[in-house]
Amino acid sequence: MSAERDLSPLAPGVVRALNDKLYEKRKVAALEIEKLVREFVAQAKTSQIKHVIQILSQEFALSLHPHSRKGGLIGLAACSIALGKDSGLYLKELIEPVLTCFNDADSRLRYYACEALYNIVKVARGSVLPHFDVLFDGLSRDIVTESNQFDLVSFIPLLRERIYSNNQYARQFIISWILVLESVPDINLLDYLPEILDGLFQILGDNNKEIRKMCEMALGEFLKEIKKNPSSVKFAEMANILVIHCQAADDLIQLTAMCWMREFIQLAGRVMLPYSSGILTAVLPCLSYDDRKKNIKQVANVCNQSLMKLVIPEDDEMDEARQLTTILAEPTSEEFVSKPETVSSGFLDVASDSNFSDTTLTASSCERIQVTLNLDGIVQVLDCHLHDTSTGMMTRIAVLKWLYHLYIKTPRKMFRHTDSLLPNLLRTLSDESDEVILKDLEVLAEIASSPAGQTEGHGASDNSDVQPNLVELQVPDRAGQLSSSGMKGLECSPSTPTMNSYFYKFMINLLKRFSSERKLLESRGPFIIRQLCLLLNAENIFHSMADILLREEDLKFASTMVHTLNTILLTSSELFQLRNQLKELKTPESCNLFCCLYRSWCHNPVTTVSLCFLTQNYKHAYDLIQKFGDLDVTVDFLTEVDKLVQLIECPIFTYLRLQMLDVKKNPYLIKALYGLLMLLPQSSAFQLLSHRLQCVPNPELLQMDSTKATTGLRGTSVSNINYTELLQHFEKVQNKHLEARHQRAGRAEQLDRRVVL
């Protein structure tokens, strides 16, 4: 350091004084440096200024000799004073060596470093803000960590107030303080997290990438601490904050809040139940995100599944006055099974799906609190999403899964909302997605089959215009009916056939839906009815629909609906058992079903004949065909006859074709088929049936005495069926159809006349 040529432009006397152990001599040297730098500023010698600062930094402030370091510090402060407003151009070079001295073992040297930094900052003023994070870290860490007198309670209100500032430097200052406080082992900032969490999420949306990164790191550290010490976390106080930010437009804020929500649900368990409606409001829309927000969608799905697991059958058995259930909360840290950390260094593990069962609250040494399942709020949110036509497909599926889950777990309470839910559930049957319709049908089937509906919904379906009075619907016996303590949700599987007060109401509204929306009937009607036959009892469905259609005033719709039901009955694999039941008519129940179907099937003559073919009522089929001559034979009528002929050639009527071999026992079958042949014009169907009849052996046997022939129906219960009354009913219904067609034709003619006039 004695080589003067290496330290120019500093004079040798200045160099010696800077290395002196006496403060006064170092101060004199600093005044000389200030004078020298002022001259360089006046002459705009920038390179010389940088050279002086470099010498003071490298040769003095960072020297191994303590007196030299002290001289370097006072010299750098003198440079800053001389530079004045221009000091901002050299701040990095001025500040870095000073901050290095903050870590010096000599407390006296650290004091000189603070003094030098104060003088530099005092001159630079606003120019120092871009370097604030470095300055703050150097100053505050020492102050907080070395003092046991820091008053966190008094500091938090100030922090909470300042955390909402929009100034970037103020935000940087706040985050720096929080990071410092988090790093101090003796300070538990988790106790005050509810007061600053909202502000932290606000800062996370800052435009400055560096601030966002710092904030993300701070939140990541907090989440790590929460997972380590869940017993000291105020989950409930932060739940609504997360709900708000889970709906943020900023992807980073939304993803971070959703990851927090996932951990809260899995760590806090049923403590989060009172906030379920808000959580669902935030989570459900995310389930329909595309691949651009795949991470958010994945975390939202975990949140949704975990929240659903919190609803249990006991929630349906609460005291009606309080509607509360005692659950266990505030577990000790030992009661949580340790899990791998999913958050480190501020980065979120999006794919983490912690095992919920590992963190379920246990029964040992826990404080009991009261938690309310806000079912009204949950149902309102679900109903709103179901009603909104803009809701994405995956969200609609999730909503329907929630409704089904609630009907399984809490059927008694859910049936209080059924009347308000039914309209939207029925509208959802028009959805474009088959998967949505399937889930919707599962919910509707559970509503129609749950024994809880008989209790809660008794009288809900009362309607004098549509209540059954001709036939009694079959209600199969069912194990596990409602007990005095309530219905266990797991026993209410829709695969178990039963009915309740809502079953008939559902059938009525479904048919009304088909009537008002004919496109739905054409495109999805068979699909819907077939699925319902799988979910519910097929016999009950056909029995109730036939009974309702018997009172249908719109005769054209009744005919169309009967045709649809008949096609399903004859062709669907789901109806195999019902077809076998009708084929023999050996029991009073099957005869009762046949009579019920027959009365409604009379709305469509051809379907009535096909029903007789199915049930092997060949003589009655022949009698019906004889009546066709009195009907108004239209093109549509002949088209249906054509389709029936095609259907006879299908596997479903294999037994009928084989019975044609035994002409002696089944003469009316042959006569009925010849009757259809005579109705048909010369068409492909005519040729098809004609060729089939040509295969009948010994046609001369048709001339036998008909009094010795059987009716073509096997079984012993047929005597209970009054075929004369059925034939009269057929004529009565067809007369109504004829009258209705004449009225429609008359109105059309009047309309044409008005148009001409």
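Above this text you will find the structure in question.
No experiment lies behind these values; they were computed from the predicted model shown. (Residues numbered from 1 in each chain as written. Predicted model: local features only at pLDDT ≥ 70, side-chain atom pairs only at ≥ 80, totals over all residues. Heavy atoms only, no water.)

## A few points about the overall build of the chain
If you tally the helices and strands in the chain, you get 35 helices and four strands. For the chain, with 757 residues in total, the buried portion stands at 51%. Intrachain contacts of the chain at a sequence separation of at least 6 include 76% that bridge at least 24 residues. Counting only carbon and sulfur atoms, one obtains 50% of the accessible surface of the chain, whose full area is about 35300 Å². (Helix = DSSP H or I, 4+ residues; strand = E, 2+ residues; numbered from the N terminus. Buried < 20%, exposed > 50% of the residue type's maximum accessible area, 1.4 Å probe, protein only. Contact = heavy atoms within 4.5 Å. Areas by Shrake-Rupley, 256 points an atom, 1.4 Å probe, with all protein chains shown as cover.)

## Looking at the side chain of Glu-34
Among the structural elements, Glu-34 can be located in helix H3 (residues 23–42). Those residues in contact with Glu-34 that lie beyond four places of it in its chain are Ala-78, Ile-81 and Ala-82.

## A word on the pattern of salt bridges
One pass over the full model with this rule turns up 25 salt bridges. The partner of Arg-599 in a salt bridge is Glu-725, with the nearest N and O atoms 3.5 Å apart. Of this pair, Arg-599 sits in helix H28 (residues 588–601) while Glu-725 sits in helix H35 (residues 723–756), and the two are 126 residues apart along the sequence. Judged by relative accessible area, Glu-725 falls into the partly exposed class, the value being 30%. Linked through salt bridges whose partners overlap, the residues forming this network are Lys-227, Arg-262 and Glu-263. (Salt bridge = Lys/Arg side-chain N within 4 Å of Asp/Glu carboxyl O.)

## Description of the packing of aromatic side chains
Two measures describe an aromatic ring pair: the distance that separates the ring centres and the angle between the ring planes. Counted according to the given criterion, the structure contains 13 aromatic pairs. Taking 5.8 Å as the distance between ring centres and 50° as the angle between the ring planes, the aromatic pair formed by Tyr-622 and Tyr-668 counts as tilted. Of this pair, Tyr-622 sits in helix H30 (residues 618–627) while Tyr-668 sits in helix H33 (residues 667–679); the two residues are 46 residues apart in sequence, bridging distant segments of the chain. Residue classification places Tyr-668 among the buried residues on the basis of a relative accessible area of 10%. Relative to Tyr-655, the ring of Phe-653 lies with its centre 6.1 Å away and its plane at 45°, an arrangement referred to as tilted. Among the residues examined, Phe-653 registers a relative accessible area of 0% and is labelled buried. Following the ring pairs from residue to residue traces out a cluster consisting of Phe-201, Phe-235, Trp-260 and Phe-264. (Phe/Tyr/Trp six-rings, centres within 6.5 Å; stacked < 30°, edge-to-face > 60°.)

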